[in-house]
Amino acid sequence: MTDRQRVFRRWWWLLIPVILAGGVWLLPISGQVVLTPRGSARLQPQMRLEPGAPEPGQETTLWVTDDTPWSHVLLTVDAEAIQEAHWEANPGGTWTWTWSFPFPEDGDTELVFYRDCQSGCIERARTTVGTEPAPSRPRDRVPTKLGVVFANPERDWHGRSGWDVELTYARLAEEDHWGIDDLAARVQRATEDGLRVLVRVDYDQGQSLPPEGDEIALTEYLDYLQRLARDERLEGVYATFLGSGFNAQGLPPEWVARVVNGYGQEVTHSDNAVQVMHAEDPQAQVLVGPVQPWYEGEDGERTHEINAPWLTYFNTLVAALDESARAKAEAGIPLAAPDGFAVQAPGRPQAPEMEGRDPAEEPLYDLRREAWDGARAGFRVYRDWLAVINGYDSTRGLPVYVNATNTFAPDEGVPPAQNYPQGWLTTALEMIEGEPQVKALCWFLDYFPHDDQWEHFSLTRRPGRMIDAAEEFEGLLRGTEPD
């Protein structure tokens, strides 16, 4: 048997994805593996790996040769970005980029070459290397409305297709963790695990949306949204929502509506988040970010049927979004309305209105407060948000996602580690299961390894009464009742 025959017997299974992808497999020569796409007379690009069958942890080199001098190229190794590349021009009008990296410990690895990443990475070539085909992910996951903010990558979802909320900042686009590369890696891992990912996009830390009236900052924010919509690594994102807690940051609702879908501008202007993302990807789901409930420092011009500042603010915002969307629709401009809303719905199990009642059943009660003109004071605040959303033609019936829930009421300041009553999350989920317009219920939060500021909220770390919440969350995924 010749060396080439031996190599073929060892690596034959790799022909299957290559052929299906329309590629040509060139057998390893001197320990090198080459993959080239079909359809070009020059068979470009070529990906050459040395050694051809690296051991876990072994230093490995990949060369990518193409007939176009792409700018801002990127290599990902199992979705993790490798930034640095050496490149050179070759005789005959080709260019080669080179990366060196330790081969991943799991041994079965996917390498993807991207181009033009300054404006949103576009895939150019990919290959998979390993000792055997990677096991397929289960596709028959059972959907659940239950989810988390910042899902722990080690979490077992027990065959459930839940929700994961991630966060990125326009002004930190190239930074570790909060930038686009680490976001893309988290999104790809989550979608491989069967999760549906909601991505929150803020302008900067401490500044959810661009400052009022700052058109330069707005342009920077819109450019980042366009980049996110274009980046093929983020194709698995279920929906994107724009900022959070605008009222608590002093941003007028009219400015938020201007950022979201161009309220107050010429109807033909398209410099707004909804139109920018829809122009890049008509299938993108663009959501309005949440208003902070029970914040009395900012309101709006259009009073809601319940005269509470946060509801007046939200009503003014939704009315402005509706006005802008209808004006654009009348001018023949499609895809100018938001695709839904993210909302916050914290519980209040220790509310005075719960006296004599089981704290775990707090989500069952409206907890209307006379001092707040009858506004709901607990988990059912989501119904106040729904009432506003369904009061306008262009937003009526749009999907709603509870992107953050727990038992922390901002005006009380008691974290779930101190006040969580066993059974509360089960009751909250039962309520949301009966609300077809509400698609997700996400606990804030699961896992934040960077510091301990959210430890008393964490399902992973489980301090104090969070152990009850964590065990209950696990039981809900398994389909079992809490003890």
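Whatever comes next refers back to the structure up there.
My aim in this report is to walk through the structure given alongside it, one point at a time.

What counts and how
- Residues numbered from 1 in each chain as written.
- Predicted model: local features only at pLDDT ≥ 70, side-chain atom pairs only at ≥ 80, totals over all residues.
- Heavy atoms only, no water.
- Helix = DSSP H or I, 4+ residues; strand = E, 2+ residues; numbered from the N terminus.
- Buried < 20%, exposed > 50% of the residue type's maximum accessible area, 1.4 Å probe, protein only.
- Contact = heavy atoms within 4.5 Å.
- Areas by Shrake-Rupley, 256 points an atom, 1.4 Å probe, with all protein chains shown as cover.
- Axes fitted to C-alpha atoms, helices over the stretch in contact; angles between N-to-C directions.
- Parallel < 35°, antiparallel > 145°, perpendicular 65-115°, else oblique.
- Nonpolar A, V, L, I, M, F, W, Y, C, P; charged D, E, K, R; others polar.
- Pairing = 2+ DSSP bridges.
- Salt bridge = Lys/Arg side-chain N within 4 Å of Asp/Glu carboxyl O.
- Phe/Tyr/Trp six-rings, centres within 6.5 Å; stacked < 30°, edge-to-face > 60°.
- Lys NZ or Arg CZ within 6 Å of the ring centre and 35° of its normal.

**With respect to the overall build of the protein chain**
The secondary structure content of the protein chain amounts to 11 helices and 20 strands. Burial statistics for the protein chain: of 483 residues in total, 54% are counted as buried. Counted over contacts in the protein chain with a minimum sequence separation of 6, partners at least 24 positions apart contribute 65%. Working note: accessible area of the protein chain is about 21100 Å², and carbon and sulfur atoms make up 47% of it.

**Let's talk about the packing of helix 10 (residues 424-433) against helix 11 (residues 466-478)**
The description of two packed helices rests on the angle between their axes and on the distance between the axes. Packing of helix 10 against helix 11 brings their axes to within 9 Å, and their N-to-C directions diverge by 40 degrees. Considering their axes alone, helix 10 and helix 11 lie oblique with respect to each other. Residue-level inspection shows W424, L425, T426 and L429 of helix 10 in contact with helix 11, the latter providing E472, F473 and L476. Looking at the contact of helix 10 with helix 11, its residues break down into 5 nonpolar, 1 polar and 1 charged.

**Examining the sheet that holds strand 16 (residues 340-344)**
Spatially, the 8 strands close up into a barrel ordered 11-12-13-14-15-16-19-20, and their pairing is parallel. The mean inter-strand angle of the sheet, taken between neighbouring strand axes irrespective of direction, is 30 degrees. Bridge analysis of strand 13 (residues 196-202) against strand 14 (residues 237-242) gives 5 bridges, and the strand direction is parallel. Bridge pairing in strand 14 links R200 to F241.

**Some thoughts on the environment of N272**
Within the secondary structure, N272 is located in the loop between helix 5 (253-261) and helix 6 (273-280). Residue class for N272 comes out buried when judged on its relative accessible area of 0%. Here N272 is in contact with L222, R258, V259, V260, N261, G262 and K328, once residues within four sequence places are set aside.

**Looking at the pattern of salt bridges**
The final tally for this structure, using the stated rule, is 28 salt bridges. For the salt bridge of R233 with D181, the shortest nitrogen-to-oxygen distance reads 2.8 Å. Separated by 52 residues along the polypeptide, R233 in the loop between helix 4 (215-230) and strand 14 and D181 in helix 3 (residues 180-192) bring together distant segments of the chain. For D181, a relative accessible area of 13% gives the class buried. Ionic pairing is found between D366 and R368, a salt bridge with its closest N-O pair at 4.0 Å. Classification of R368 as partly exposed rests on a relative accessible area of 42%. Beyond isolated ion pairs, a larger network of salt bridges with shared partners links D366, R368, R376, R380 and D384.

**Brief notes about the packing of aromatic side chains**
For the structure on display, the rule yields 22 aromatic pairs. Centroid distance W163 to Y401: 5.7 Å. Interplanar angle 65 degrees. Geometry classified as edge-to-face. With W163 in strand 12 (residues 160-169) and Y401 in strand 19 (residues 400-405), this residue pair connects regions lying 238 residues apart in the sequence. A relative accessible area of 3% places Y401 in the buried class. Plain terms: the ring middles of F408 and F457 are 5.4 Å apart, the flat faces sit at 70 degrees to each other, and that makes the pair edge-to-face. Of this pair, F408 sits in the loop between strand 19 and helix 9 (416-419) while F457 sits in the loop between strand 20 (438-443) and helix 11, and the two are 49 residues apart along the sequence. Residue F408 is classed as partly exposed on the basis of its relative accessible area, which comes to 24%. Each residue in the set F379, Y382, Y420, W424 and W443 is aromatic and connected to the rest through ring pairs, giving one cluster. Lying over the aromatic face of W63, R48 brings its terminal NZ or CZ to 4.1 Å of the ring centre. The ring of W70 carries the charged tip of R115 above its face, separated from the ring centre by 4.6 Å.

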